[in-house]
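The residues making up each chain are set out below.
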Amino acid sequence: MSSSSSLRHLPILDLARFTTSPRERGAFLTELRDTARNVGFFYLAGHGISDALAEEAFSLSRRFFDLPSSEKLAIEMVYSPHFRGYTPPGREYTRGSPDWREELDVGLEAPALQIGPETPAWKRLQGPNQWPAALPELRPVLLHWQSEVIGVATTLLKAFALALGQPEDTFQSIYSGTPNQLLKTILYPARDKTTGDQGCGPHKDGGFLTLLRQHQIGGLQVETEHGWIDAPPIPGTFVVNIGELLELASDGYLRANVHRVITPPAGVDRQSLAFFLGARPDSTIPRLSLPAELVPLARGPEDDPDNPLFYDVGHNILKSRLRSHPDVARRHYADLLDAGFV
């Protein structure tokens, strides 16, 4: 297995191997564990989601982004205390700098919770999505896509549990029910329509796993010890990376990797569908008892004073959303900002 220091291309893993013979399954789990530890990113084939559904999701997303601004701004995220809805270019931030992309954030369809003076702040995150009135066909297709990708992501998370020497249902209790699942359909405008080349700034993802479906134009880059490498689209595959929840659970044996998206060239835009497999906000990330041969390789979670990690899932999620969307934070979470939550 190539280390990140010599890597030039992300490896491709075939999820179909997980459901074949015991020997092939074991080989897949070993490759999965080594790839996740040494690279942190890989392409996933053999997942079973049809290309036709992907193209339908991209096509309807394109129609959404082509709507008049007034139609998109009618469901702007700033209207949602649950961080759902449309974000114009330059209005989401990564480490304090604006990202040049427009997007629609979709979570699980769930009602808002009753909120009282003693209610934990993260309970405000649950609530309904916002959908464009001018494009009603978008909702069923994106929810179908979300459901299909959740199935793949949870299968992959079971494989990770086994690869770390745990029962495959180790994480089930904290991603069942109403977890913090998030789908983003994203359009990165061409460089001549932005004021910078930061499509999305360098960052780590906060959930268990991220599954990214790219359309036709690249721009995703992964950080290695010797610089950035490109992760261009490969038809029919997802790009997968581990998030901070797996880093915490594995005591740093697995570590979430830094990545970014570069604004596409002038005259060309870029579409992607990003899904983030999360956990229930009321849950606490377990600290796994790793097999003896893996324990010496556990590095501990990364100590980043600018991005402290919390085992309490709700605290982690809310911290991230307040930083990424300061306009939503000011409108709906001024009490937390005044109390120095972020």
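One can find the structure itself at the top, above this paragraph.
Residues numbered from 1 in each chain as written. Predicted model: local features only at pLDDT ≥ 70, side-chain atom pairs only at ≥ 80, totals over all residues. Heavy atoms only, no water.

Caption draft 1: Geometry of the pairing of strand 13 (residues 259–262). Only one face of strand 13 is covered, namely the one carrying His259 and Val261; the face carrying Arg260 and Ile262 has none of its residues buried. Pairing of strand 8 (residues 198–203) with strand 13, which is carried by three bridges, proceeds in the antiparallel orientation. Among the inter-strand pairings, Gln198 is bridged to a residue of strand 13, identified as Ile262. Relative to strand 13, strand 10 (residues 220–224) runs antiparallel, the two being bridged by three bridges. If you follow Val222 over to strand 13, its bridge partner there is His259. (Buried < 20%, exposed > 50% of the residue type's maximum accessible area, 1.4 Å probe, protein only. Helix = DSSP H or I, 4+ residues; strand = E, 2+ residues; numbered from the N terminus. Pairing = 2+ DSSP bridges.)

Caption draft 2: Representation of the sheet that holds strand 10. If you walk across this open sheet you meet the four strands as 8-13-10-11, and the pairing is antiparallel. One side of each edge strand has no neighbouring strand; the edge strands of this open sheet are strand 8 and strand 11 (227–230). Across this sheet, the average inter-strand angle for adjacent strands is 30 degrees, counted without regard to direction. (Axes fitted to C-alpha atoms, helices over the stretch in contact; angles between N-to-C directions.)

Caption draft 3: Seen up close, the side chain of Ser324. With respect to the helices and strands, Ser324 occurs in helix 7 (residues 313–324). The exposure class assigned to Ser324 is buried, which follows from its relative accessible area of 14%.

Caption draft 4: Structural detail: helix 4 (residues 138–163). Helix length check: helix 4 (26 residues) gives 37 Å between terminal C-alpha atoms against 38 Å at 1.5 Å per residue, within 8%. With its phi angle positive at about 75 degrees, Gly165 sits one or two positions after the end of helix 4. (Expected span 1.5 Å × (residues − 1).)

Caption draft 5: Seen up close, the packing of aromatic side chains. For the coordinates displayed, the defined rule picks out six aromatic pairs. Judged by centre distance (5.8 Å) and plane angle (75 degrees), the ring pair of Phe64 and Tyr86 falls under edge-to-face. Here Phe64 is found in helix 2 (residues 51–65), whereas its partner Tyr86 is found in strand 3 (residues 85–87), with 22 residues between them in sequence. Both residues of the pair, Phe64 and Tyr86, belong to the buried class. Their ring planes at 55 degrees and their centres at 5.1 Å tell us that Phe171 and Phe208 sit as a pair that is tilted. Of this pair, Phe171 sits in the loop between helix 4 and helix 5 (172–175) while Phe208 sits in the loop between strand 8 and strand 9 (209–214); the two residues are 37 residues apart in sequence, bridging distant segments of the chain. For Phe171, a relative accessible area of 1% puts it in the buried group. (Phe/Tyr/Trp six-rings, centres within 6.5 Å; stacked < 30°, edge-to-face > 60°.)

Caption draft 6: Molecular detail of empty space enclosed by the protein. Tallied over the entire structure, the rule returns two cavities of 30 Å³ or more. Roughly 50 Å³ of volume is contained in the largest cavity. Taken together, Arg95, Lys204, Glu244, Glu247, Glu302, Asp304, Asn307 and Leu309 make up the full set of residues lining the largest cavity. Along the lines of polarity and charge, the residues of the lining of the largest cavity split into one nonpolar, one polar and six charged. When its volume is computed, the second largest cavity comes out at roughly 40 Å³. (1 Å grid on protein atoms, 1.4 Å probe; cavity = no way out; pocket = protein on both sides within 12 Å on 5 of 7 lines; lining within 4 Å. Points joined across faces, edges and corners; volume = space filled by probe spheres on them. Nonpolar A, V, L, I, M, F, W, Y, C, P; charged D, E, K, R; others polar.)

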